[in-house]
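Below, each chain spelled out in residue letters.
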Amino acid sequence: MQVECLVEVIDDLISSDNPQENLKHFTQALHKVFAFGRSKKHMIQRQLGRLEPTPYLKYRVDEVMRHMPMLST
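Residues numbered from 1 in each chain as written. Predicted model: local features only at pLDDT ≥ 70, side-chain atom pairs only at ≥ 80, totals over all residues. Heavy atoms only, no water.

1. Considerations on the overall build of the protein chain
A tally of helices and strands in the protein chain yields three helices and zero strands. Counted from the first residue to the last, the protein chain has its helices and strands arranged as α-α-α. For the protein chain, the residues scored as buried account for 4% of the 73 residues in total. Accessible area for the protein chain stands at about 7500 Å²; split by element, carbon and sulfur atoms hold 61% of it. (Helix = DSSP H or I, 4+ residues; strand = E, 2+ residues; numbered from the N terminus. Buried < 20%, exposed > 50% of the residue type's maximum accessible area, 1.4 Å probe, protein only. Areas by Shrake-Rupley, 256 points an atom, 1.4 Å probe, with all protein chains shown as cover.)

And the structure:
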């Protein structure tokens, strides 16, 4: 069904009186329908915030290190 529709659109474009102008309008319509926005899934162009460890994380590291004999100093 999708292939048939695509073939019909291409056939209409080719057989029209002004195929270049119709292709231009069709392309513009496609760009409107399939407008690509910035991805919200990925961290592209986003601020990462602070990267230093929190005080709680520092505390937990000290606790874990104290309970591991081979790592304690």
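2. Regarding the packing of aromatic side chains
By the definition in use, this model includes one aromatic pair. With a centroid separation of 6.3 Å and an interplanar angle of 40°, the aromatic rings of Tyr 56 and Tyr 59 are classed as tilted. With Tyr 56 and Tyr 59 both in helix H3 (residues 55–66) and three residues apart, the pair spans about one turn of that helix. Under the relative-accessibility criterion, Tyr 56 is labelled exposed at 58%. (Phe/Tyr/Trp six-rings, centres within 6.5 Å; stacked < 30°, edge-to-face > 60°.)

3. Some details on the packing of helix H1 (residues 2–15) against helix H2 (residues 19–33)
When two helices pack together, you describe them by how their axes are tilted relative to each other and by the distance separating the axes. Packing of H1 against H2 leaves a shortest axis separation of 7 Å and a crossing angle of 140°. Between H1 and H2, the angle is such that the two are oblique. Taking contact as the criterion, the partners of Val 9, Leu 13 and Ile 14 in H1 are, on H2, Pro 19, Asn 22, Leu 23 and Phe 26. (Axes fitted to C-alpha atoms, helices over the stretch in contact; angles between N-to-C directions. Parallel < 35°, antiparallel > 145°, perpendicular 65-115°, else oblique. Contact = heavy atoms within 4.5 Å.)

4. Observations concerning a nonpolar patch on the surface
Nonpolar side chains collect at one region of the surface, where Leu 6, Ile 10 and Ile 14 lie side by side and expose about 300 Å² of accessible area between them. The residue Leu 6 is located in helix H1 in this model. (Patch = residues over 30% accessible without salt bridge, like charges linked within 9 Å, V, L, I, M, F, W, Y side chains within 5 Å. Salt bridge = Lys/Arg side-chain N within 4 Å of Asp/Glu carboxyl O.)

Interpretation note: all reported values are geometric properties and have no functional meaning in isolation.
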